[in-house]
Amino acid sequence: MPATILLEREGRVALITVNRPDKLNALNEQVRDDTLAALAEIEHDDGVGVVVITGAGEKSFIAGADIGEFAGRTPFDQRHAMRSPRVFDIMAAFPKPVIAMVNGFCLGGGCELALSCDLIIASEKARFGQPEINLGLIPGGGGTQRLPRRVGIGHAMRLILSGDMIGAAEAKEIGLADLVVPHEELRSKTMELAQKMAGKSPLTLKVAKEAVRASQRLSIEDGIAYERDLFCLCFSTADKEEGVKAFLEKRPAAWTGR
Ligand code: COA
């Protein structure tokens, strides 16, 4: 059986490709397990600073959960299938930046996986949606919670209650996609940004990500106090000394991640 996940490294960027193009990269149990295994490997690899996730083939990022697995399932079977650790939560809490490179259909669990990433870069051909309602279901990978936080309650209601798909331009307009690029340039533009991020101090990237993520759960007062503490924590690092010194000496910084 071909691998459901391909893991490549380009410089300090790891590229995870969901590899079931004949099923539009639908997320079955194997894909979820293999993605978790790839993330575990990347997390402990100091050579990787940033992760990009995409779908194989020209047509689809991920067209949702594998609907074939739902037929005949009992609530207990489903609860077992949704046991922790869940790929959506692991992705959302991943210590390194994760970019969703959306090359086509981004539906259901695929959209929820993209919502768990830090940044969504879409091809002009991308189509987004939460079509679970058409199956007598609701989003189950965090969509009812992460989508309204990202696009506001009205757009989230519209997408989740209608099951409608929207194109990349509209996704950008409502804040679902962060950047939209021509299809042929998706990989180069995404990798360019990922490499730029991966060239920063890995330690500082982690702290910056943690601070921004905290804005989604803390009040503004608590968030600003947390930011101040994390900012001051940066003063304990060799990379802060190096970054400041390099600026003053007009040379590029040589980060050590300490
Ligand atoms: N789960 C399982 N299989 C899926 C799938 C999914 N979520 N999405 C697509 N596939 C399969 C199709 O069954 C088909 O398999 P087959 O060739 O063995 O019949 C193959 O992928 C190609 O899909 P197809 O429907 O022929 O492509 P299309 O271009 O005509 O339509 C979509 C594309 C995305 C509109 C359509 O596949 C679709 O609606 N998929 C389901 C989306 C969804 O509801 N996701 C949420 C799940 S909770």
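Look above for the structure.
Calculation rules
Residues numbered from 1 in each chain as written. Predicted model: local features only at pLDDT ≥ 70, side-chain atom pairs only at ≥ 80, totals over all residues. Heavy atoms only, no water. Helix = DSSP H or I, 4+ residues; strand = E, 2+ residues; numbered from the N terminus. Buried < 20%, exposed > 50% of the residue type's maximum accessible area, 1.4 Å probe, protein only. Areas by Shrake-Rupley, 256 points an atom, 1.4 Å probe, with all protein chains shown as cover. Pairing = 2+ DSSP bridges. Axes fitted to C-alpha atoms, helices over the stretch in contact; angles between N-to-C directions. Contact = heavy atoms within 4.5 Å. Parallel < 35°, antiparallel > 145°, perpendicular 65-115°, else oblique. Left-handed = near helix turned anticlockwise from the far one by under 90°. Near = heavy atom within 4 Å. Polar contact = N/O pair within 3.5 Å; in protein donor to acceptor, adjacent residues only side chain to side chain. Nonpolar A, V, L, I, M, F, W, Y, C, P; charged D, E, K, R; others polar. Phe/Tyr/Trp six-rings, centres within 6.5 Å; stacked < 30°, edge-to-face > 60°.

Caption draft 1: Local environment of the overall build of the protein. When you go through the protein residue by residue, the secondary structure sums to 11 helices and 10 strands. Along the first, second and third principal axes, the C-alpha set of the protein runs to 65 × 45 × 35 Å. Within the protein, buried positions represent 41% of all 258 residues. Total accessible area on the protein is roughly 13500 Å²; 59% of this is exposed by carbon and sulfur atoms.

Caption draft 2: Region of interest: the sheet that holds strand E6 (residues 105-107). Across the sheet, which stays open at both edges, the 4 strands sit in the order E4-E6-E8-E9 with mixed pairing between neighbours. Every other strand in the sheet has two partners, leaving strand E4 (60-62) and strand E9 (165-167) as the edge strands with one partner each. Adjacent strand axes in the sheet meet at a mean angle of 20° when their direction is disregarded. Bridge count for strand E8 (residues 127-129) against E9 is 3 bridges, and the pairing is antiparallel. Directly across from phenylalanine 128, in E9, lies its bridge partner isoleucine 166. Running over the sheet, helix H4 (residues 109-116) touches E4, E6 and E8 and is turned about 90° from E6.

Caption draft 3: Expanded view of the sheet that holds strand E1 (residues 5-10). Reading across from one edge, E1-E2-E3-E5-E7-E10 is the order of the 6 strands in this open sheet, with mixed pairing throughout. Pairing within the sheet leaves two strands with one partner each, and these edge strands are E1 and strand E10 (179-181). For this sheet the average axis-to-axis angle between neighbouring strands, irrespective of direction, equals 20°. As defined by bridge partners, strand E3 (residues 50-55) adjoins strand E5 (residues 98-102) across 3 bridges and the pair is classed as parallel. Residue pairing in the sheet places isoleucine 53 in a bridge with alanine 100 of E5.

Caption draft 4: Region of interest: the packing of helix H5 (residues 143-151) against helix H6 (residues 153-162). Packing of H5 against H6 leaves a shortest axis separation of 7 Å and a crossing angle of 135°. Viewed along their axes, H5 and H6 adopt a mutual orientation that is oblique. You can see that H5 and H6 cross each other, and the crossing is right-handed. Between H5 and H6, the contacting residues are Gly143, Thr144, Leu147, Pro148 and Val151 on the first element and Ile153, His155, Ala156, Leu159 and Ile160 on the second.

Caption draft 5: Structural view of the pairing of strand E2 (residues 13-18). Among the 6 residues in E2, 6 count as buried, and that is most of the element. Sheet analysis places E1 next to E2, joined by 6 bridges and oriented antiparallel. Opposite leucine 7, over in E2, you have isoleucine 16 as the bridge partner. Hairpin connection from E1 to E2: 2 residues lie between these consecutive antiparallel strands, with glycine 11 at a positive phi of about 60°. Sheet topology places E2 next to E3; 6 bridges connect them, and they run parallel. Residue pairing for E3: alanine 14 is matched across the bridge by valine 51.

Caption draft 6: Geometry of the site of the ligand. By nearness alone, 16 residues border the ligand, and Lys23, Lys59, Ala63, Ala65 and Ile67 come closest of all. A distance of 2.5 Å separates an oxygen atom of the ligand from a polar side-chain atom of lysine 23. In this structure, lysine 59 approaches the ligand through a side-chain N or O atom, which is 2.8 Å from an oxygen atom. Within the complex, the protein chains bury 60% of what would otherwise be the 860 Å² of accessible surface of the ligand. Looking at the shell around the ligand residue by residue, the classes come out as 11 nonpolar, no polar and 5 charged.

Caption draft 7: Representation of the packing of aromatic side chains. This model, assessed by the stated rule, comprises 1 aromatic pair. Between phenylalanine 231 and phenylalanine 235 the ring centres are 5.5 Å apart and the planes differ by 50°, which places this aromatic pair in the tilted class.

Caption draft 8: Representation of the pairing of E5 within the structure. Taken across its 5 residues, E5 has 5 buried, putting it largely inside the fold. On E5, burial covers both faces: Val98, Ala100 and Val102 on one face and Ile99 and Met101 on the other are all buried. Here E5 runs beside strand E7 (residues 119-123); their pairing, made up of 4 bridges, is parallel. Of the residues in E7, the one forming a bridge with methionine 101 is isoleucine 121.

Caption draft 9: Inspection of the packing of H4 against H5 at higher detail. The N-to-C vectors of H4 and H5 enclose an angle of 55°; their axes lie 10 Å apart at closest approach. By the criterion of interaxial angle, the relationship of H4 to H5 is oblique. In this structure, H4 meets H5 at a crossing whose hand is left-handed. For the pair formed by H4 and H5, the contact residues are Glu112, Leu115 and Ser116 on the first element and Gly143, Arg146, Leu147 and Arg150 on the second.

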